[in-house]
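Fold and contact review
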Amino acid sequence: MQFEIYSIQLQGKQPSEEQMKTFESLSNIISLNPEVKEFLEAEMRFLTLWQDIFKIITDTIGIDLNPNL
């Protein structure tokens, strides 16, 4: 679900209200397990780092992967 929402956002679109509600509901359930919550938070930090690195590389070599944004 998280990847689906991320993919939609990369396309310059907004996830539907239903998708966001589903994601929030799943997030609330997952947050009840501290180990799973910690893992997912680490994954989010890694994805942010990866996005930053990817942007730096594409900007440096002059590639615009999403000309619609």
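Small disclaimer: the values here were computed from a predicted structure and weren't measured.

Things to note about a nonpolar patch on the surface
A cluster of nonpolar side chains, contributed by Phe46, Leu49, Trp50, Ile53, Phe54, Ile57, Ile61 and Ile63, occupies part of the molecular surface with about 800 Å² of accessible area. Structurally, Phe54 can be placed in helix α3 (residues 34-61). Accessibility expressed as a relative area gives 41% for Phe54, which makes it partly exposed.

Side note on the packing of helix α1 (residues 2-10) against helix α2 (residues 17-30)
For any two helices packed against each other, the geometry is given by the interaxial angle and the distance between the axes. Remark: α1 packs on α2, axes separated minimally by 10 Å, with the N-to-C direction vectors making an angle of 145°. Between α1 and α2 the crossing geometry is left-handed. Between α1 and α2, the contacting residues are Gln2, Glu4, Ile5 and Ile8 on the first element and Gln19, Met20 and Phe23 on the second. Looking at side-chain class alone, the contact of α1 with α2 contains 4 nonpolar, 2 polar and 1 charged residues.

Thoughts on the environment of Pro34
Tracing the backbone through its elements, the reader meets Pro34 in helix α3. A C-alpha to C-alpha distance of 23 Å links Pro34 and Leu49, two positions 15 residues apart in sequence.

What counts and how
Residues numbered from 1 in each chain as written. Predicted model: local features only at pLDDT ≥ 70, side-chain atom pairs only at ≥ 80, totals over all residues. Heavy atoms only, no water. Patch = residues over 30% accessible without salt bridge, like charges linked within 9 Å, V, L, I, M, F, W, Y side chains within 5 Å. Areas by Shrake-Rupley, 256 points an atom, 1.4 Å probe, with all protein chains shown as cover. Salt bridge = Lys/Arg side-chain N within 4 Å of Asp/Glu carboxyl O. Helix = DSSP H or I, 4+ residues; strand = E, 2+ residues; numbered from the N terminus. Buried < 20%, exposed > 50% of the residue type's maximum accessible area, 1.4 Å probe, protein only. Axes fitted to C-alpha atoms, helices over the stretch in contact; angles between N-to-C directions. Left-handed = near helix turned anticlockwise from the far one by under 90°. Contact = heavy atoms within 4.5 Å. Nonpolar A, V, L, I, M, F, W, Y, C, P; charged D, E, K, R; others polar.

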